[in-house]
Structures are given as C-alpha cells and as structure tokens.
Amino acid sequence: MPSSRVTVIGAGVVGLSAAVRLAEAGHDVRVVAQQPPESTTSAVAAAIWYPYAVEPKARVDSWAATTYAVFRALAADPDAAVHMRRVQMPWPTPQADPEWRDAVDGFARLTTAERPAGYADGYAFDTPIAEMPDYLHYLVRRLSDLGVTVQIRSVTTLEAAVQDADVAVNCAGLGAAELAGDATVFPIWGQVVRVAGVSLDHATLDERGATGLAYIVPRSRDVVLGGTAEAHVHKTAPEPAVSTAIRARCAALVPALEHAETIEVAAAARPGRPAVRLEAEAVANKTVVHCYGHGGAGMTLSWGCADEVAALVAHAPSPS
C-alpha cells in the first residue's frame, strides 16, 4: 500500500488516535491543532468507556467494541494511564440488555442489595477508564516515537489543509462546524467536579435518575463527579450552583462522597451532532476524511473510528 502525506486536524482523543493508526500504517503524518492536547475538551472528560447518546447505532456498536478491546489491552501498559474498573449502572425502570453487552467483560445484573433505593433494575460490567490528560500525553509520546509532531496553529479551510498534503483528516470537533460548513454541529456543555479523599471500588453511572445525570468515576489520584449534558449551550466557565447539584446527585448514590474535598471544577463543550460524521469527501482534487460529532463518546469510539479513518485514507485516490 503506498503511503500518503496526511494532515490530521485536531489534537483531542479522536484526532490523536487516528494519527497513531495512520502513522502505524506507514503514512507521513502531521497533527495540526488550534489547541494542545491538554487544552482540548478530551482533557476534561471523565473518559469512561460507555456508548452514551451517540448515533448512528449500527456503526457506533462496532466502533465501541473495537475501542473496548484496544483499551483492555492498553490497561496492561503502565505508561498508558488506562485502568479496568467495575461500573454499576442502576436504572429506575426495568431494562433489556444493552446491544453492546457481548463487547464487555463481566456483564451481570445488579442484585437488590447492589441497587440504590428507588431503582428497579441495573447492571454492572468491567470497563476501561482513561485518565486524562495523562492518556493524551501517552498518545503524543506514541506519535513522537513514530516521528509525528503536533503543531499548534489554526487551520481555517479544508482547502488549506490539503494544500501540502495528499489527504486531510478532519477531527476538529466543534471546530468542524466552521471548517466543514456543517450547521448540524452543536455544543453540548458539560461540567465535572474532581474530588479527593474517597476510595471507591467501582464506578457508578446513573443515566436516568430522577434528579438528572450522575456519574462517579474513581481514578488513581481522584474521583470525577458529573455531570451535565446541555445541548446547544456553550458556556465559558463552570457554575457553582451546577457543582453543588452534581455533588448532591452523586452523594445520593454514594453517601461517602458528601464531604469529599473538591480539588477542581472544570467545564467544556462537547462536539455534538445528530450522528457521527465519518466519511471521505473530495476537496480541491484531494481527499478529506471527516471524523467528528462524537458528543460525549469520543474516548468510547476513538480506536474504532481511527481504524475506519485509516481504511478510508488507504483507499483514497491519488491526486491528479
């Protein structure tokens, strides 16, 4: 397979993963981003594998299963900052098994004793957690070992992105709205609270609780509490009242969190879209591969999407 000169736009988890796969395939890759990895939305994420509120379902399940398998292997590498954790998902009403149950390890129904009061159903499974931004730095190191650098500068048009490359890969997240002229891209505002001083043996995800979304994600040095998912809202700073509400929802699920020390509050806008866009397009007689619109599932779909990006680049026609 002939190699191509590829410019990847975006240094979040989706862009960096795609760049790794492309460089491993032998392409001449460079990553160009407006912000460094540690300043992206990915750096704020709790980064627990779970296919949350993302379409199209048929493709998402495949991307998520591929990504799960990669992260499960990465958990054996101490440099990757990835850990396998048990996660419990209580539900207020009876639920069928999720479509992705065969992709995960250790799937089981929650017992009555394991469910919080007022919850009629639930299940648990083993899932990867990537500790951001350490995991992003790990990806950058992998790219460096492959001879790829991350350049911090703006890309204003797709034509400019392919000007000195054979293929551009658009992983610009929210920036794709302007870069690709895509009016369907919208922000999904999220806020999290990082706390310390509490040791938990499992994560908790409450997607349909009576008081709103709640997730509790223990990591090696902290516990991430969330969250919010406000579509079409792009705020610039965390809000104290939102932090108070997040802590209350999480403490209702795990009372030990009530007095945990807050060490950081962070907010960011996720790149929403009715469905992930992953397809090739001809631009200025070159190929642009679009890969954006992952909402809050960027980590969950990252490696599956990266494999598909690499396949599209491999089949891109040579520019005439």
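For the structure, see preceding data.
Because the structure is a prediction, the values reported are computed rather than measured. (Residues numbered from 1 in each chain as written. Predicted model: local features only at pLDDT ≥ 70, side-chain atom pairs only at ≥ 80, totals over all residues. Heavy atoms only, no water.)

### Re the packing of helix α1 (residues 13-24) against helix α3 (residues 134-145)
To describe two helices that pack against each other, one gives the angle between their axes and the distance between the axes. Taken N-terminus to C-terminus, the directions of α1 and α3 make an angle of 25°; their axes are 10 Å apart at the nearest point. As judged from the angle between their axes, α1 and α3 are roughly parallel. Both α1 and α3 take part in a crossing whose hand is left-handed. Across the interface between the two elements, V13, L16, S17, A19, V20, R21 and E24 of α1 pack against Y135, L136, L139, V140, R142 and L143 of α3. Class assignment for the residues of the contact of α1 with α3 results in 9 nonpolar, 1 polar and 3 charged. (Axes fitted to C-alpha atoms, helices over the stretch in contact; angles between N-to-C directions. Helix = DSSP H or I, 4+ residues; strand = E, 2+ residues; numbered from the N terminus. Parallel < 35°, antiparallel > 145°, perpendicular 65-115°, else oblique. Left-handed = near helix turned anticlockwise from the far one by under 90°. Contact = heavy atoms within 4.5 Å. Nonpolar A, V, L, I, M, F, W, Y, C, P; charged D, E, K, R; others polar.)

### Some thoughts on the pattern of salt bridges
Counted under the stated rule, the structure contains 24 salt bridges. The residue D61 makes a salt bridge to K57 at a minimum N-O spacing of 3.6 Å. Residue D61 and its partner K57 are located together in helix α2 (residues 57-74), separated by 4 residues, close to a single helical turn. A salt bridge links E279 to R277; the nearest nitrogen and oxygen atoms lie 2.7 Å apart. Residue R277 is classed as buried on the basis of its relative accessible area, which comes to 13%. One network of salt bridges, with partners in common, ties together D97, R101, D102, R109 and D121. (Salt bridge = Lys/Arg side-chain N within 4 Å of Asp/Glu carboxyl O. Buried < 20%, exposed > 50% of the residue type's maximum accessible area, 1.4 Å probe, protein only.)

### A word on the sheet that holds strand β15 (residues 286-292)
Think of a sheet as strands paired side by side through backbone hydrogen bonds, with each pair either parallel or antiparallel. Strand order in this open sheet of 6 strands is β6-β2-β1-β7-β15-β14, and the pairing throughout is mixed. Both edges of this open sheet fall to β6 (150-152) and β14 (277-283), since each of them pairs with a single strand only. Along the sheet, successive strands turn relative to each other by an average axial angle of 20°, direction set aside. With 4 bridges joining them, strand β7 (residues 167-170) and β15 adopt parallel strand pairing. (Pairing = 2+ DSSP bridges.)

### Regarding α1
End to end, α1 covers 17 Å across 12 residues, agreeing with the expected 16 Å (1.5 Å per residue, within 8%). Of all the 12 residues making up α1, 11 are buried; the element is thus mostly covered by neighbouring parts of the structure. Where α1 ends, the next residue or the one after it, G26, has phi of about 100°, a positive value. (Expected span 1.5 Å × (residues − 1).)

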